[in-house]
Amino acid sequence: MSGNSPPLIQTLTPDRWAGWSMDFIGAGYIALFVKNGRCVRVWKPGRHVSFALPWLEKCELLLVDSKLRHLPITSQGDFLSRDQYLVNVSLNVMYQVVDAKRVALEISDPIAALTSAVKDSLGVAISHLRMEQLTNQGRVEVRQYVLDHVDVYYTVGFSIEDVRVSDISFPNTRGIIRQVEGMSARQEAEHEAVLKMQIANAGRPELSPPPIQQVNILPGGEANSKHAIVNQEVPRATIPDESAATPSLPIRDQPVLAPTVLFSNPTPPSKGRLVNPSSGTIIVLSANPFTIGREPTNTLVLEDAMCSRNHAQILQIPEPQDKVRYQIIDVGSSNGTFVDQQRLTSHQPFWLSAGNVIQIGNQEWTFQLP
């Protein structure tokens, strides 16, 4: 909308004489007569008379421009084509108000609402077209799609009379899949909890464990002989030195301590991974659950218009002998999750096998096991 265009909505206060007022509504406008914050009349162009009690009723006149208006819309990499190319679109929309009450009284920013509705239609239209189709007949396809879905604009009080797509261009960089760097939101929360625990424990004094009461019964003598050592305090985790044994104790009668063998923690099993055959991207399934969607809080964030905000998740199911199996679950996505071209039933787990091809939106991933 150009800067010289009159505002879409104007608020007037009628002049009254003894409570009466006569107002003239010009051509191309719709007037809403509002009394004490409530719309009581809708006036078309012409002369209208109204009455209000002085000092008791506050009256306003809202003039809504119902003429054909012009709205330019320009996007910069807001949309992705079917083959994952970023698309810039510039277009001019010719619109008109059809529901003055909704536009003036129910929507705080009607122009922003209309712009958002048009961009939503653009995103859906472009996501169904490949780069070659957009280059050859993109203007016609996009224009027709926007004009065919008039119900979207009626919900915000407007009608679209015409759309002129002036430019469709493609940035040099191809649309890529963005994965959240570092830790997921769940891992960050767990890490923060561990840090808080460490900080809380840092101010506490360390208490030494109590000594262990150890009884050594020596063979070859009586219990009360001088060779019996009873209730000798030995610090915890201290192994007596065999060379410091009692001299009177025969070597063959010295107690033999079994050696202590410390086992390191077993190496965790390797994780499964997702491989994008077109870009070569490899994603390790490190989180459990491993969430996928457009929402930035997901483990794998896909910038794909056909992908839901929270689309699917992959679970790791431990089994005996340190084995892990994987399940994929569609969490109620709009366009579905496909495994080997078969659509999954929403909220029902599906066991994954090596080589399965997972399709989410326009993305295809091959599931691989270590």
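Description of the structure in this document. Computed from a predicted structure; not experimentally measured. (Residues numbered from 1 in each chain as written. Predicted model: local features only at pLDDT ≥ 70, side-chain atom pairs only at ≥ 80, totals over all residues. Heavy atoms only, no water.)

1. Some remarks on the overall build of the protein chain
- Looking only at helices and strands, the protein chain has five helices and 24 strands in total.
- Across the 370 residues that make up the protein chain, the buried fraction comes to 34%.
- Taking the contacts inside the protein chain whose residues are at least 6 apart along the sequence as the reference set, 56% of them involve residues at least 24 apart. (Helix = DSSP H or I, 4+ residues; strand = E, 2+ residues; numbered from the N terminus. Buried < 20%, exposed > 50% of the residue type's maximum accessible area, 1.4 Å probe, protein only. Contact = heavy atoms within 4.5 Å.)

2. What to know about a nonpolar patch on the surface
- A cluster of nonpolar side chains, namely Trp20, Met22, Val49, Phe51, Leu53 and Leu56, defines an oily patch on the protein surface of about 620 Å² accessible area.
- Where the nonpolar patch is concerned, the elements lending two or more residues are β2 (20–25) and β5 (46–51).
- Val49 gets classed as partly exposed once you look at its relative accessible area, which sits at 43%. (Patch = residues over 30% accessible without salt bridge, like charges linked within 9 Å, V, L, I, M, F, W, Y side chains within 5 Å. Areas by Shrake-Rupley, 256 points an atom, 1.4 Å probe, with all protein chains shown as cover. Salt bridge = Lys/Arg side-chain N within 4 Å of Asp/Glu carboxyl O.)

3. Here's the deal with the sheet that holds strand β24 (residues 363–368)
- With antiparallel pairing, six strands are arranged side by side in an open sheet as β15-β14-β24-β23-β20-β21. Two strands bound the open sheet, and with one partner strand each, they are β15 (282–284) and β21 (342–343).
- By the bridge criterion, three bridges tie strand β20 (residues 337–339) to strand β23 (residues 357–360) in an arrangement that is antiparallel. Looking at the pairing, Phe338 lines up with Gln359 of β23. (Pairing = 2+ DSSP bridges.)

4. Points about the packing of helix α2 (residues 110–127) against helix α3 (residues 131–148)
- Across the interface, α2 lies against α3 with an axial gap of 10 Å and an inter-helix angle of 140°. Relative to α3, α2 is oriented oblique. For α2 against α3, the interelement crossing comes out right-handed. Mapping the contact onto sequence places Ser121, Leu122, Val124, Ala125 and Ile126 in α2 and Leu134, Val142, Tyr145 and Val146 in α3.
- By residue class, the composition of the contact of α2 with α3 is eight nonpolar, one polar and no charged. (Axes fitted to C-alpha atoms, helices over the stretch in contact; angles between N-to-C directions. Parallel < 35°, antiparallel > 145°, perpendicular 65-115°, else oblique. Left-handed = near helix turned anticlockwise from the far one by under 90°. Nonpolar A, V, L, I, M, F, W, Y, C, P; charged D, E, K, R; others polar.)

5. Description of the pairing of strand β16 (residues 290–293)
- On β16, burial covers both faces: Phe290 and Ile292 on one face and Thr291 and Gly293 on the other are all buried.
- Two strands pair when backbone bridges link them, and β16 and strand β17 (residues 300–301) are joined in this way by two bridges, in the parallel orientation. Counterpart to Ile292 in the pairing with β17 is Leu300.

6. Considerations on the environment of Leu274
- Looking at where Leu274 falls in the secondary structure, it is placed in strand β14 (residues 273–275).
- Residue classification places Leu274 among the buried positions, given a relative accessible area of 2%.
- Apart from residues lying up to four places away in sequence, Leu274 is in contact with Thr281, Ile282, Ile283, Leu285, Phe290, Ile314, Ile358, Trp365, Thr366 and Phe367.

7. A short note on the packing of aromatic side chains
- If you walk through the whole model with that rule in mind, you get four aromatic pairs.
- Aromatic side chains Trp20 and Phe51 sit 4.9 Å apart centroid to centroid with 50° between the ring planes, which places their arrangement in the tilted category. Of the two residues, Trp20 sits in strand β2 while Phe51 sits in strand β5, which places them 31 residues apart along the sequence.
- Arranged with centres 5.4 Å apart and planes meeting at 65°, the rings of Tyr326 and Phe367 form a pair that is edge-to-face. Residue Tyr326 is found in strand β19 (residues 323–330), and its partner Phe367 is found in strand β24; the two are separated by 41 residues along the sequence. (Phe/Tyr/Trp six-rings, centres within 6.5 Å; stacked < 30°, edge-to-face > 60°.)

8. A word on α3
- Here α3 spans only 22 Å end to end across 18 residues, well under the 26 Å set by a 1.5 Å rise per residue.
- Within α3, the axis deviates most sharply at Gln137, by approximately 90°.
- Taken as a whole, α3 has its buried residues at Leu134, Gly138, Val142, Val146 and Leu147.
- Buried-residue contacts for α3 involve β9 (86–97), α2, α4 (151–154) and β10 (158–169). (Expected span 1.5 Å × (residues − 1). Bend = angle between axes of the 7 residues up to and from the residue.)

Remember, this is a structural readout, not a statement about activity or role.
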